[in-house]
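Overview (structure and organization)
Residue-level listing of the chains:
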Amino acid sequence: MDEQKVQEKEYWMRLAIEEAKKAHELEEVPIGAIVVLDNEVIGRGYNLRETTQDATTHAEMIAIKEACQKVGSWRLEEAQLYVTLEPCPMCSGAMILSRVKEVYFGAFDPKGGTAGTLMNLLEDERFNHQAFVEGGILEEDCGKLLTDFFRELRARKKKAKKSGQITENEL
């Protein structure tokens, strides 16, 4: 693969990682996404499910919504979306419906990934739109964000349990 193209993808993924770090600061699962059109970021998002108590506030959904508002259309036909974790069914669906051209993700999601792991909604020819998909962009960096987050979360819960702040049922 062309080294310049690899560097370009890694550059954009690093911006998605910066979004994921914003989620981490809020004690949200650190997933970040950006939408790029004509070498410009037109949408950014990071996980906000706990903050909003809204199951639809995934990083990709927020980034797609912002991108659509910026271009004044629900169609993102020439856009690329970069996300730190393989998209779930809802987010893959939003990418299909907004007609995102290319999807690049970092870490694979063996429990919920629908961009190649459990299934591949984005390249399924039964839909009226397919996106090009590539996973594993800065996979180690993206995966480490998640691993570290969940390790910290388990440690916090264990400490709270020992101090009697939470019960077994709350874990």
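Since this is a predicted model, take the numbers as computed values, not measurements. (Residues numbered from 1 in each chain as written. Predicted model: local features only at pLDDT ≥ 70, side-chain atom pairs only at ≥ 80, totals over all residues. Heavy atoms only, no water.)

What follows is about the UniProt feature "active site" (unreviewed entry) in the protein chain. The positions UniProt marks with the feature "active site" (unreviewed entry) are Glu 60. Note that Glu 60 resides in helix H3 (residues 59–71). Excluding its chain neighbours within four sequence positions, the residues that come into contact with Glu 60 are Ala 33, Leu 81, Val 83, Leu 85, Pro 87, Cys 88, Cys 91 and Met 95. (UniProt positions renumbered as here; feature names shortened; annotations may be inferred. Helix = DSSP H or I, 4+ residues; strand = E, 2+ residues; numbered from the N terminus. Contact = heavy atoms within 4.5 Å.)

If you check UniProt for "domain: CMP/dCMP-type deaminase" (unreviewed entry), the listed places come out as residues 7–125 in our numbering. Within residues 7–125, the helical portion is 38% and the strand portion 21%, while the C-alpha atoms at the span's ends are 30 Å from each other.

Right, let's get into helix H4 (residues 89–97). Along H4, the residues classified as buried are Cys 91, Ser 92, Ala 94, Met 95 and Ile 96. Looking at the buried side of H4, the elements it contacts are H3, strand E3 (80–85) and strand E4 (102–107). Of the residues one or two after H4, Arg 99 is the one with positive phi, at around 60°. (Buried < 20%, exposed > 50% of the residue type's maximum accessible area, 1.4 Å probe, protein only.)

Residue placement: Ala 94 occurs in helix H4. Expressed as a C-alpha distance, the spacing of Ala 94 and Glu 27, which sit 67 residues apart in the sequence, is 25 Å. Not counting residues up to four positions away in its chain, the partners in contact with Ala 94 are Met 61 and Ile 64.

Under the definition given, this model contains 12 salt bridges. A salt bridge links Glu 10 to Arg 14; its shortest N-O distance comes to 3.9 Å. Within this pair, Glu 10 and its partner Arg 14 are both found in helix H1 (residues 3–25), separated by four residues, close to a single helical turn. Since its relative accessible area comes to 25%, Glu 10 is described here as partly exposed. Looking at Arg 14, the relative accessible area reads 43%, which means it is partly exposed. Put simply, Glu 40 and Lys 70 hold a salt bridge, and the shortest N to O gap is 3.2 Å. Placement of Glu 40 in strand E2 (residues 40–46) and of Lys 70 in helix H3 is noted, with a sequence separation of 30 residues between them. (Salt bridge = Lys/Arg side-chain N within 4 Å of Asp/Glu carboxyl O.)

Now for the sheet that holds E2. Strand order in the open sheet formed by five strands is E2-E1-E3-E4-E5, and the pairing between neighbours is mixed. Looking along the sheet, the strands with just one partner apiece sit at the ends: E2 and strand E5 (132–134). With strand direction ignored, the average angle separating the axes of adjacent strands in the sheet is 15°. Of the strand pairs in this sheet, strand E1 (residues 32–37) and E2 are connected by six bridges, and their pairing is antiparallel. If you follow Val 36 over to E2, its bridge partner there is Val 41. (Pairing = 2+ DSSP bridges. Axes fitted to C-alpha atoms, helices over the stretch in contact; angles between N-to-C directions.)

Time to look at unusual backbone geometry. With a phi close to 60°, Glu 27 is a non-glycine residue in the positive phi region. Relative to the assigned elements, Glu 27 resides in the loop between H1 and E1. Even without glycine at this site, Gln 53 takes up a positive phi of about 55°. If you trace the backbone, Gln 53 turns up in the loop between helix H2 (49–52) and H3.

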